[in-house]
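Residue-level structural notes
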Amino acid sequence: MAYTRTFGEVYGHPEGSWYHNRDDLRAAGLHAERQAGISGTQREGTDAIVLSGGYEDDKDYGDIIVYTGQGGQKEGKQVDHQSFSYRGNAGLVKSQYASLPVRIIRGAVPKSEHAPAKGYRYGGLYRVVSHWYKVRDDGFQVCQFLLVKIGSFFDTEDVIKMFPERNNDIEVETFSSGPPAQRVPTAVNKIQRRATVRNNIKTWHENQCQICNTIIELPIGPTSETAHIRPLGTPHNGPDEEPNALCLCPNDHLRFDHGALYIRDNFEVVDSMWKTTIGSLRVHQQHRINIDYIRYHRNHWFSSGGVP
DNA sequence: GTCCTGCCTTAT
DNA sequence: ATAAGGCAGGAC
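Residues numbered from 1 in each chain as written. Chains lettered and ligands numbered in written order. Predicted model: local features only at pLDDT ≥ 70, side-chain atom pairs only at ≥ 80, totals over all residues. Heavy atoms only, no water.

1. Points about the sheet that holds strand 15 (residues 261–263)
Here three strands make up an open sheet; going across it, the order is 15-16-17 and the pairing antiparallel. Each having just a single partner strand, strand 15 and strand 17 (276–280) make up the two edges of the open sheet. Mean inter-strand twist for the sheet, computed between neighbouring axes without regard to direction, equals 30°. In this sheet, strand 16 (residues 268–271) lies alongside strand 15 in antiparallel orientation, the contact comprising three bridges. Looking at strand 16, one finds that Y262 is bridged to V270. (Pairing = 2+ DSSP bridges. Helix = DSSP H or I, 4+ residues; strand = E, 2+ residues; numbered from the N terminus. Axes fitted to C-alpha atoms, helices over the stretch in contact; angles between N-to-C directions.)

Here it is, written out as structure tokens:
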């Protein structure tokens, strides 16, 4: 049974869920590996890690975690150096730079107050905020990662400053962040959107809004939204194809979806509340927009079908 | 594609 | 304590 790597929450497996063993974790889609602590690759990043007390340099403060990388061990003892270019370690570095959320799973560690008594418990999403080499007393260097729980009260910059001396362990005063928000399982019929359509639109327009030319910059890089001209949902049932899609910023996406903006046959963009032309839809040679969908959108919001 | 290594396990 | 164990990832 293949494992699908998912970043972030996994449907049906909320924070606090308990699992009997590593095979069950894998079957749930929470962690790929049956033994290794890090589920991830250099290319994709790391989606989950397990804390089972296998590395003595780990520290679990609850919302803050110092996690040791993989490698260099034989029969549970450190016998060699570790490297950030190795497997899961490289995956955690990737996750840090791409701001990917990492699922924390805790195994039964007798001396940890955050660990379950037995089995494994999913402990929520964390962000990798820093990494460094620690030189142990025995001379071996190990990879270390600093993780902070997403939504916790800890400020990332403050936490990084708490670990200035990276070869020594420190005392961290932890406090409760309160119980996580209640989860309710739901079942819906969700429209499946084609990734290729989204990718093409984003690539062609380089994430630049076709109306206002804005590019939204996030830590993971430039971002845009793929808007459908004739909506996909009932009763419109538009097609999920490039000719029915636009590359928009979140603001213009919302305006367009609610009829605050519409587009003329000559691609002029009109503010429907002020009745003013605010610009012209930027086009790209490979992105063939079907004028019928533009007309459908106008027709939907303005029954005359023409310009109001 | 094949082969090899090592794994924060698990059951005996 | 220890042997068995499957598989992902990496090398080729």
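2. Digging into helix 4 (residues 195–205)
V197, I201, K202, W204 and H205 are the residues of helix 4 that are buried. Along helix 4, the residues classed as buried sweep out an arc of 170° about the axis, all on the same side. Those residues of helix 4 that are buried lie in contact with strand 13 (225–228) and strand 14 (245–248). Looking one or two places after helix 4, you find E206, whose phi comes out positive at around 50°. (Buried < 20%, exposed > 50% of the residue type's maximum accessible area, 1.4 Å probe, protein only. Arc of directions from axis to C-beta. Contact = heavy atoms within 4.5 Å.)

3. Focus on the protein's contact with DNA strand C
R5, R26, E33, R34, Q35, G40, T41 and R87 make up every residue found near DNA strand C. Take the atoms of DNA strand C that sit within 4 Å of the protein: sugar and phosphate atoms are 58% of them. One nitrogen or oxygen atom from the side chain of E33 is found 3.3 Å from a sugar or linking oxygen belonging to DNA strand C. Class assignment for the residues of the surface near DNA strand C results in no nonpolar, three polar and five charged. (Near = heavy atom within 4 Å. Polar contact = N/O pair within 3.5 Å; in protein donor to acceptor, adjacent residues only side chain to side chain. Nonpolar A, V, L, I, M, F, W, Y, C, P; charged D, E, K, R; others polar.)

4. Considering the protein's contact with DNA strand B
Taken together, 21 residues lie around DNA strand B, and R22, A36, G37, S52 and T68 are the ones closest in. Those atoms of DNA strand B that come within 4 Å of the protein belong to sugar or phosphate at a rate of 65%. In this structure, R34 approaches DNA strand B through a main-chain N or O atom, which is 3.5 Å from a sugar or linking oxygen. Between G37 and DNA strand B, the recorded distance is 2.4 Å, taken from a backbone N or O atom to a phosphate oxygen. Of the residues assigned to the surface near DNA strand B, the class counts are six nonpolar, 11 polar and four charged.

5. So, the packing of aromatic side chains
Scanning all chains against the criterion turns up three aromatic pairs. Plain terms: the ring middles of F84 and F145 are 5.6 Å apart, the flat faces sit at 85° to each other, and that makes the pair edge-to-face. Within this pair, whereas F84 is found in the loop between strand 7 (77–78) and helix 2 (87–97), its partner F145 is found in strand 10 (residues 141–149), the two being separated by 61 residues in sequence. For the pair F84 and F145, one class covers both residues: buried. For the ring pair Y262 and F302, a centre distance of 5.1 Å and an interplane angle of 65° mean the geometry is edge-to-face. Of this pair, Y262 sits in strand 15 while F302 is found in the segment after helix 6 (291–301), placing the two residues 40 residues apart along the sequence. On the basis of relative accessibility, which here comes to 1%, the residue Y262 falls in the buried class. (Phe/Tyr/Trp six-rings, centres within 6.5 Å; stacked < 30°, edge-to-face > 60°.)

6. Thoughts on the pattern of salt bridges
Taken as a whole, this structure holds 15 salt bridges when the rule is applied. A salt bridge links D57 to R136; the nearest nitrogen and oxygen atoms lie 2.8 Å apart. Highlighted residues: D57 in the loop between strand 3 (45–51) and strand 4 (59–60) and R136 in the loop between strand 9 (120–135) and strand 10, separated in sequence by 79 residues. Like R136, D57 is buried. For R255, the salt bridge is made with D252, and the minimal N-O distance between the two is 2.8 Å. Of this pair, R255 and D252 both sit in helix 5 (residues 250–257), three residues apart, roughly one helical turn. According to the relative accessible area criterion, D252 is buried, its value standing at 4%. Linked by salt bridges that have partners in common, E56, D57, K134, R136 and D138 make up one network. (Salt bridge = Lys/Arg side-chain N within 4 Å of Asp/Glu carboxyl O.)

7. Re the side chain of N244
Within the element layout of this structure, N244 appears in the loop between strand 13 and strand 14. Residue contacts for N244: discarding those within four places in its chain leaves A227, H228, I229, R230, G238, P239 and Y293.

8. Notes on the side chain of H253
Among the secondary structure elements, H253 is positioned in helix 5. Only 2.5 Å separates the side chain of H253 from the side chain of E225, close enough to count as a polar contact. Discounting residues that sit within four places of it in the chain, H253 has contacts with E225, T226, A227 and L248.

Everything listed here is a matter of geometry and, on its own, says nothing about what the molecule does.
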